[in-house]
Amino acid sequence: MTDQQVRKEFFNCDLFDHLPYFKDDMASMEHPVFSLSTQADKQIIRYENNGNTVVIKPGYDGLPTIHDKDVLIFCTSYLRAAMNQGETPSRTVRFTAYDFFTSIGRSISGDSYERFRESLRRLSGTRIETNIKTGRFRTEKGFGLIDSWEAVKEDSSGRVIAVEIKLSEWLYNAILANELLTINPDYFELRKPIERRIYEIGRKHCGSQDAFKIGLEKLQLKVGSSSAIKEFRRAVREIVADNHLPDYALALSDDDNVTFTNRIKQQHATIRQTGFILLKPETYAKAQAAAPKWDIYALEQQWRTWITKKKEPPKRPDAAFIAFCRKKAACESA
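This structure is a prediction, so every number in the text was calculated from the model and none was measured. (Residues numbered from 1 in each chain as written. Predicted model: local features only at pLDDT ≥ 70, side-chain atom pairs only at ≥ 80, totals over all residues. Heavy atoms only, no water.)

S.K.: I'd like to hear about the packing of aromatic side chains, residue by residue, with values.
M.R.: Where two aromatic rings form a pair, the distance of their centres and the angle of their planes describe that pair. For the coordinates displayed, the defined rule picks out 19 aromatic pairs. Ring centres of Tyr199 and Tyr248 lie 6.1 Å apart, and the angle between their planes is 45°; on these two criteria the pair is classed as tilted. Placement of the pair is Tyr199 in helix α7 (residues 193–205) and Tyr248 in strand β11 (residues 248–252), with a sequence separation of 49 residues. The burial state of Tyr199 is the same as that of Tyr248; both residues are buried. Chaining the aromatic ring pairs together yields one cluster made of Phe74, Tyr78, Phe95, Phe100, Phe101, Tyr113 and Phe116. A cation sits over an aromatic face here: Lys23 above Tyr21, 5.1 Å from the ring centre. Against the face of Tyr187 rests Arg196, its NZ or CZ located 4.7 Å from the ring centre. (Phe/Tyr/Trp six-rings, centres within 6.5 Å; stacked < 30°, edge-to-face > 60°. Helix = DSSP H or I, 4+ residues; strand = E, 2+ residues; numbered from the N terminus. Buried < 20%, exposed > 50% of the residue type's maximum accessible area, 1.4 Å probe, protein only. Lys NZ or Arg CZ within 6 Å of the ring centre and 35° of its normal.)

S.K.: Any chance you could break down the packing of α7 against helix α9 (residues 229–242) for me, citing the residues and the numbers?
M.R.: It is the contact of α7 with α9, at a shortest axis distance of 11 Å, that shows an interaxial angle of 75°. The angle between the axes of α7 and α9 places the two elements in the roughly perpendicular class. Facing α7, whose interface residues are Ile194, Glu195 and Ile198, α9 presents Phe232, Ala235, Val236, Ile239 and Asp242. For the contact of α7 with α9, the class distribution of residues is six nonpolar, no polar and two charged. (Axes fitted to C-alpha atoms, helices over the stretch in contact; angles between N-to-C directions. Parallel < 35°, antiparallel > 145°, perpendicular 65-115°, else oblique. Contact = heavy atoms within 4.5 Å. Nonpolar A, V, L, I, M, F, W, Y, C, P; charged D, E, K, R; others polar.)

S.K.: Outline the environment of Ala319, listing residues and values.
M.R.: Tracing the sequence through the fold places Ala319 in helix α13 (residues 317–333). Overall, the relative accessible area of 30% leaves Ala319 in the partly exposed class.

S.K.: How would you summarise the nonpolar core if you had to cite specific residues and measurements?
M.R.: Buried together is how nonpolar side chains tend to be arranged in soluble globular proteins. Membership of the largest hydrophobic core comes to 72 residues, with the highest contact counts inside it found for Phe95, Phe116, Ile165, Ile198, Leu219 and Phe260. In terms of residue count, the dominant contributor to this core is helix α3 (residues 69–84) (nine residues). Apart from the residues within four sequence positions on either side, Leu219 is in contact with Ile198, Ile201, Ile214, Phe232, Val236, Val258 and Phe260. One finds Trp303, Ile322, Phe324 and Cys325 within the second-largest nonpolar core, a separate group that totals 15 residues. (Core = buried A, V, L, I, M, F, W, Y, C linked by side-chain atoms within 4.5 Å.)

S.K.: Describe in detail α7, supporting the description with residues and values.
M.R.: Helix length check: α7, at 13 residues, gives a terminal C-alpha distance of 19 Å against a target of 18 Å (1.5 Å per residue), a fit within 8%. Of the residues flanking the end of α7, it is Gly207, one or two places downstream, whose phi is positive at about 55°. (Expected span 1.5 Å × (residues − 1).)

S.K.: Residues and numbers for the pairing of strand β6 (residues 127–130), please.
M.R.: A regular strand places its side chains so that they alternate between the two faces of the sheet. Where burial is concerned, the two faces of β6 differ: the one with Ile128 and Thr130 is buried and the one with Arg127 and Glu129 is not. Here strand β4 (residues 52–57) pairs with β6 via four bridges, running antiparallel. From the neighbouring strand, Val54 faces β6, where its bridge partner is Thr130. (Pairing = 2+ DSSP bridges.)

S.K.: With reference to specific residues and values, describe a negative patch on the surface.
M.R.: Side chains of Asp61, Asp111, Glu114 and Glu118 sit close together on the surface and give a patch of like negative charge. By secondary structure assignment, the location of Asp61 is in the loop between β4 and α3. (Patch = residues over 30% accessible without salt bridge, like charges linked within 9 Å, V, L, I, M, F, W, Y side chains within 5 Å. Areas by Shrake-Rupley, 256 points an atom, 1.4 Å probe, with all protein chains shown as cover. Salt bridge = Lys/Arg side-chain N within 4 Å of Asp/Glu carboxyl O. Lys, Arg positive; Asp, Glu negative; His and termini not counted. Charge placed at Lys NZ, Arg CZ, Asp CG, Glu CD.)

S.K.: Run through the environment of Thr126, naming residues and quoting values.
M.R.: Positionally, Thr126 belongs in the loop between α5 (110–125) and β6. Judged by its relative accessible area of 1%, Thr126 is buried. Excluding anything up to four places from it in sequence, Thr126 contacts Ile56, Lys57, Pro58, Gly59, Gly62, Leu63, Pro64, Phe143, Gly144 and Leu145. A distance of 3.4 Å separates a polar side-chain atom of Thr126 from the backbone oxygen of Gly62. Of the polar contacts made by the side chain of Thr126, one reaches the backbone oxygen of Arg122; its length is 3.0 Å. (Polar contact = N/O pair within 3.5 Å; in protein donor to acceptor, adjacent residues only side chain to side chain.)

S.K.: Run through the sheet that holds β4, naming residues and quoting values.
M.R.: Pairing in this open sheet of three strands is antiparallel, and the strands run β3-β4-β6 from one edge to the other. Where the open sheet ends on each side, the last strands, each with one partner, are β3 (45–49) and β6. Neighbour to neighbour, the strand axes of the sheet diverge by 10° on average, direction disregarded.

S.K.: So what's going on with the sheet that holds strand β7 (residues 146–154)? Which residues, and what values?
M.R.: Pairing in this open sheet of four strands is mixed, and the strands run β1-β5-β8-β7 from one edge to the other. Both edges of this open sheet fall to β1 (11–12) and β7, since each of them pairs with a single strand only. Its contacts with the sheet put helix α4 (residues 97–104) on β5 (92–96) and β8 (160–167), and the angle it makes with β5 is roughly 80°.

Right, here's the structure in full:
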């Protein structure tokens, strides 16, 4: 077998030191495919909305969770980035657990490796039946979110440290057709499953618009929450109060309407009116960690002076400020 034939059999996720962006598929952002439970969930999920139906049947290890989806986002992002470079990679992909963990900000520990194996089992064991097309194709048969997986390297304790997985045709077709949306890397810092789902819905429906409004009951249906409406309302109110979703602020009215407001559009309007960018409180701690020997508030003033010379304000000012501090620290040590 030639080297070229070997390369065609699987795609190595090692093109980039750091992914230029993370991509999520629009079908699973729109419709509830993943369990919101943090415990083993073996219920059958049935969803129907506007003629779209999804039936998700758990395998022996239960339904895949919204955190298991990180594996698919990682693979999707790499494959789409390769396609943007002119490649047509196989839907069988190979990567290391270490690269996966570091890319999405997970800790590297024995527990992480074990949870990784469990994620792969749930993703392959669950069967999905749906009439939702991806890439103009409808998959009529039941299928797993990944067709199969194989540990290609384990350590002495049996932990999976490199894996090869075969993505489902359903997801692969979506990647080929670029039925994807870029998501904020801060998505991976959201620990509550409901926060992740609500962010996905905001990203899918609000997008780059100023705002998007949806009724609470309709939002609950799209989130895939099986709790009572009273409990779901309480959970949404907590998200409103915490106000830490990436990209979008949430508001809940007395008549149970939920409004997503685009933070970037709102921030640009504020900048145009006042000329001032507001940074999140936690940004200062991250910036200080990036430049531990510097006066972070002095750096902030330098950064604000620098961005006023730009034609457009930064789209992600918090990340831009942290990167500015990191670059300053690097220049000092060079």
